[in-house]
Structure formats: structure tokens, C-alpha cells
Amino acid sequence: MTLGVELLIIIPVAAALLSLAMPSGKTAAVVSVACSAAVILVSLPICIKALGGEATEYGLWYVDRLSAVFILVIGVVGLMSAMYSYGYLSRDVEEKEISSKDERQYHMMFNLFVAAMLSVCIVSSMGILWITIEITTLVSAFLVGFYRRNSALEATWKYLMICSVGITLGLVGITLMYASSSHVLGDDPGALNWPVLYEAAAGLDPTLIKMAFVFVIIGFGTKMGLVPMHTWLPDAHSQSPTPVSAMLSAALLNCALYAILRFQMIADVAVPGFASMLMIGFGMLSLAAAAAFILISKDIKRMLAYSSIEHMGIIAIGFGIGTPLAVFGALFHIIAHSMTKPLVFFSAGNVIQGYGTRDMDEVRGLRKTMPFTAFMLGAGTLAIVGLPPFSVFVGEITILSGAVSAGMYHVAALTVVFIVLVFAGFTRNIFKMMPGDVATGAKVPRGLSRSLPMALLLVITLLLGLFMPEGVSNALWSIADWFSGAV
Amino acid sequence: MDVVISGNLIDLCVVAMLLLSMLAMTTTRIAQLLNAFAVQSLFLAFLAFVVADSTGRSELYVLGAITLAVKVAGIPWAMKNTAVRLHAGREVDSTMGIPGSLLISAALIIVAYLVTEPLMATVDTITRNCLAMSMSVILIGLFMMVTRRKAMTEAVGLLMMENGLFLGIMSISYGMPLVVEIGIFFDVLMVAVIIGIFALRISRAFDTIDTSVLRRLKE
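Counting its regular elements, chain A contains 20 helices and two strands. A compact globule built from 487 residues should have a C-alpha radius of gyration of about 23 Å, and chain A, at 21 Å, falls within 12% of that. C-alpha extents for chain A along the principal axes are approximately 70 × 55 × 45 Å. For chain A, with 487 residues in total, the buried portion stands at 67%.

In C-alpha cells:
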């Protein structure tokens, strides 16, 4: 047995300790970037092997095709956010908002957060999966409350309380699932391991599984941001430092989604159709509520937070429909959303630091004041609302055609209506910031650490939208077939 | 141990836990509330020992011992200290009066029985009758979190919910694999610690731990 999967946790934890020991905040930031790059390098062989259909399973660990997608997404989002953190936090230090010690602590928590999120995707036991999800909440609470302002404390308190309750209900679901397996698996110590449960799924008790999935989707759905359990999300996203907002939106929500998907795969075998119904229902509700709130948003980061709820809703609908085409779309949409949303958040972060406000009504003349940021924000907005040729468009259109070919016309129609509403709200709010004269008071943020991740993300989301590498598409199709084969 | 005796002991513990939840709803002082939580955890630990003895599952002894150390001693002690530092010893503010809270708690117990009825039939453990009780403890804990206004009491509500959850785990499956249980336990401990840290920060920032001041973030 060689050291493989463990490295995905060991590297970020070591980097966390190292960044605390660094002499300055900037070197700690470099440690974070190096750590995220190392994580991607280490995960690549594991993920490629897993995507080829060969699962890695030993000890506590289990990595298969589905985990590989999430690990890679977390790796890339982590790297981009680590780069962006460098410039963002040194600006905060310059403005005396935080001290250099705070910056080092930030990077420690940042790396621990990456470790916690990666561990969600590589553990085998559903019980340990629960523990790792709870750890992501606890670690990220410090990042959300990083600025120690009163409003940030309020957001953290809500985040901790709501997610802890949610996750407690999720544990009820896991317990019920464990109980449902007791007459099939007996006292098998591996009875909570996902591969074992999946193997035995057909023999699980349907009543208990139904009840378990209801608790799981409410519990983990809280963390994923499904309406009506989403109330912590806009507060936490708007109050945390911008790179953390990007991580929460593009990586953390995915972790909760990952947990739900694992349960859905089991529930689909035990009680066909039950989980799908709930996924579509919650997804549609999230989409509708998010569209309404985006229309009336004033705070740019709150609007982006609602956009995350919207996309989580769309993804839930895709997995809920459950045909290979829709699942393929949903998987692709996970990647597309996670590559596009940080781009928009980073642009918004530049605007916030430049103008010193999050209120979109107070920002004018963005195009002349910060041409690069304005361009990125404009492109990011068009990408996130799902215009071609960006990747989010491909994800949405695939899910929609999945819905139509499955005969769910009402689902497809409603989804289109809400996406159009989101489009209207987003473009109205964002593009009104563009025209006008140069804002004299603005302190334009500059630096490669900001522009490089933004440029990279734009290229990725554009390339994924224009042409998909055959390897990626084959891998996603194989997951989609596997996932929906259960239905 | 005799099956009848252990059955009676289990019932005793579970009923005591539920009554302590009800008692917690009526307390007006934080110290009392923490005592109620500590005693409830004591019954949970005792229950783990009884179930361990009658089913021969030795890992439940470990679980009971950790419960004693963490939930009966550690958390209440730490929270009392925090409460002293915050000068929060006196009244527990609730948005609802005591009689009203008790009535709603009673209603929640009925709901718990209705919800768990179909489940009872599918489980065949000696502790399955506890299922409704554990659901009641979870719901009452949730209700406490919703109605109380102090950071500290909200946290106790969460911890009581978790007590109910452990009761539930024991009643339908005699406990999960040991690694998982221990992991969950330390997680609960971490939650308590971190909530304590943020309660302190809130009290410094707002000069109160009344969370009704936390109502500013909205559209």
C-alpha cells in the first residue's frame, strides 16, 4: 500500500501549519498557492485512474469516478482562490483592515478548509462523510467571520447555527440508512461504507430509505443552499473575504451536493423515483426563489450568492431528472458553474476594494475606472447567466434537452422562465455600473495575482463551452450512464 | 442482566431524558439549563452502559465513557465558565412564555410519535420504543433553538438535539461503528467550543449575547 489518497489531506494540513509559521503574510500566501498546486498534481493520477473506471479503495478511503470530478473542481477552485487571496489580503493589510498575523491565520484556515473539502470526497464511510462535512462548516466559520465586523459575526453565527442544525438532521438520515441495512448487512463493520451499501441497495428497507432520504436532502440541502434552508448562504457569502466567497460558492456547496448524490444513488436503487421527485422539487423551488431575489438585489455579493442557489437548483433538477443526458448536463454544469462563479466573484472583489462598497447603486463609471475588471465582470456576467459560447450555457441546454427528452415539459418550461428572469436581473444590475465618468475616489487594485486567476478562469469557461475534450466528455458520459443506470 | 430489568432501566433513562428536555424548556437561568443538559447526558451515558451490557456490544461502553467525560463534565463546565465571563448568569430570554413553550413541546411529542410510528414496525431492537422519545428530544431541542434569544441557550438547544440524536442512533441500531461514533463525538465537542468562541466574540462586539441584535443582514 503506497501513500496516495492520504496525501490529499496531508499536504493542505502541512501547508496550514507551515503558513502559520511563515514570517510574513505574503509568504504564507505563497505557501497556499504552492499547496493548492501540489494538491492538483497529486490528485491527477488518482483522478485519471478513477475516471478510467478503476476505483481506489483501501482503509478509510474510496475514490471513484464521481469523487474524481469533485476533487478536481475543488483543486482548481482552491488554486485560483489562493492566487487571488494573495493580492486581496495584502490590500486589506495595506489599508490596516487586518494585521499581518491575521493574514497568516487566514492562510492557515484556508488550507485547512481545502483539506476538509477534499476529505469529503475521498472517504468511504457515510458516517465519516458526515463528520468531514461538519468539519468544513467549523473551519469555514472562521473564514466567514474573518473580518470580525459586527455584520460578519452575525453572518457567522447564522451560518454555524443553521448549518449545525441542518447537519444534525442529516445525521438522522444517515442513522436511518444504517438501520435500513441492518437486516441485510447485519453487524458488518463496513455497513456504512458507500460501496457496500450501494451493492446491497436493492435489499434495503424502502420505508426507512424514504425517510432517510428526506432527512438527508433537508440536512445536506441546508449546506448546499437549497431553498427554503438557504437563509445562511447570502449572509455568509456576502460577509466573508471575496476569495472565501468564491470557495464557498464553487467548492463547498458542491461538497454537500456530493453527499446528497451518494445517497441518491442508493435511494434510486432501493426506491426508484422517490429521490428524483424531491430533487426536482427542491431544485425548482431554489431556482424560483433565487430568481426573485436576484431581481431585487442591491449588494453585489448577495446577488452572486443567490446566483449560486440558482445554479445549485439547476444542478439538482438535472440529477433529479435522472436520464443519462440530464445527468451528463448536471455534471457538466457543476464544472461550468465552479469555473465561472469564482471569475465573477473575483471581479466583484476588485470592484468592492476599488470603490469601497458592495452596493451596486453606488458604483458608476466602472468601464473607465477599471477597464480590466469591467471587462472581466462583463464577460463573467454573460457567462454565468448562461449565454453561448460559455460553458454554463452548454450545461443548461443539456439539462433542458434532458428534461424535454424525458417528457418533463413543465420542468423544462419553468426552468427556462426562471433562467430568463435571472438573466434580466443580472444584466440590469451589473451593466448599470459600467457607464459614466472615471470615479475619482476609487483606488484601483492591480497585480498579477488578481488578473492571472481571472484570465485563466475566463479561458477555461470559454474553452469548455466551445469544445469539450473527448476525454472529459467520455468520462462524464461514463459517470452519467452509471448514475442513471440505477434509475 | 435480566431482560426485563434492562428493559425497565432503558425506559427509565429515556423517559428521564425527555423529562429533562421539558424541564430545560421551563428554566429561567443558564446555570439550571446547563445542569439539566448535564443530567440528561448522564442518563444518555447510563443508557449506553445498560444497552452495552444487555446486548454484549462492548464498544458502547466506550461511547458511554466518552459521553460522561465530554457531555456530562466537559461541555457544561466550559459553558458555565463562559457564562460567568459573560455575566450571563441570570434570565434566559425566551420569545415565548413558559406555559406556551410547554404546550408546544407536548404537541411536538405527539408529532414525534406520529412520525415514528411507521418506523417502529421495521426495526427490531430492544430499544425501538425509544425512537419516538428520541425524535421528541430532537424536536424540543430544535424548538429551544428557535425560541431562545441568547447565544448560549441556542447552543444548549443544539447540544440537546444531539443528545436526542445519539438516543436515536442507539434505539434503532445499537450504535454505529465505533470510529464513526467517536468522530461524531469530537465533532460535537468542536461545535460546542467554536460556538463558545463566537458567543464570546458576539458579546464583545455587541455588549450582549442576546442574538436578537443579529437581525441586520437582509435584502
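This part covers the domain arrangement of chain A. All names here are of chain A. Assigned domains within chain A: domain 1 (1-124), domain 2 (127-134 + 144-272) and domain 3 (276-487). Taken together, the contacts link 31 residues of domain 1 with 28 residues of domain 2. Roughly 2500 Å² is buried in total at the junction of domain 1 and domain 2, and carbon and sulfur atoms are behind 75% of that figure. Of all residues in domain 1, the largest losses of buried area upon contact with domain 2 belong to Phe70, Val120 and Ser124, amounting jointly to 22% of the total for that side. Scanning the region where domain 1 abuts domain 2 turns up two salt bridges. The shortest N-O distance in the salt bridge between Asp64 and Arg262 comes to 2.7 Å. At the boundary of domain 1 and domain 2, one finds eight residue pairs in polar contact (both at pLDDT 80 or more). The dominant element in the side of domain 1 that touches domain 2, judged by the number of residues it contributes, is helix α3 (residues 65-94), at 13 residues. Class assignment of the residues belonging to the side of domain 1 that touches domain 2 gives a composition of 20 nonpolar, six polar and five charged.

Okay, unusual backbone geometry next. Residues and elements named next belong to chain A. Of note, the bond from Val227 into Pro228 is cis; its omega dihedral lies within 30 degrees of zero at 5 degrees. Going from Pro388 to Pro389, the amide bond is cis rather than trans, its omega being 10 degrees. The residue Pro389 is located in the loop between α16 (371-384) and α17 (391-405) in this model. The residue Lys96 is not glycine, and still its phi comes out positive at about 65 degrees. Here Lys96 is to be found in the loop between α3 and α4 (100-122). Even without being a glycine, Arg148 presents a positive backbone phi close to 55 degrees. Mapped onto the elements, Arg148 comes out in the loop between α5 (126-144) and α6 (150-180).

All names here are of chain A. Topologically, Lys223 is positioned in helix α9 (residues 206-224). Summary of buried charges: Lys223 has no salt-bridge partner, and the nearest side chain of opposite charge, Glu134, is 7.0 Å away. A distance of 3.5 Å separates a polar side-chain atom of Lys223 from the backbone oxygen of Ile133. A distance of 2.6 Å separates a polar atom in the side chain of Lys223 from a polar atom in the side chain of Thr137. Other than its neighbours up to four places away in sequence, Lys223 contacts Ile133, Thr136, Thr137, Tyr159, Cys163, Trp232, Leu252, Leu253 and Ala256.

Thresholds applied
- Residues numbered from 1 in each chain as written.
- Chains lettered and ligands numbered in written order.
- Predicted model: local features only at pLDDT ≥ 70, side-chain atom pairs only at ≥ 80, totals over all residues.
- Heavy atoms only, no water.
- Helix = DSSP H or I, 4+ residues; strand = E, 2+ residues; numbered from the N terminus.
- Rg over C-alpha atoms; globule rule 2.2 N^0.38 Å.
- Buried < 20%, exposed > 50% of the residue type's maximum accessible area, 1.4 Å probe, protein only.
- Domains from an automatic or database assignment.
- Contact = heavy atoms within 4.5 Å.
- Buried area = accessible area lost by both parts, 1.4 Å probe.
- Salt bridge = Lys/Arg side-chain N within 4 Å of Asp/Glu carboxyl O.
- Polar contact = N/O pair within 3.5 Å; in protein donor to acceptor, adjacent residues only side chain to side chain.
- Nonpolar A, V, L, I, M, F, W, Y, C, P; charged D, E, K, R; others polar.
- Lys, Arg positive; Asp, Glu negative; His and termini not counted.

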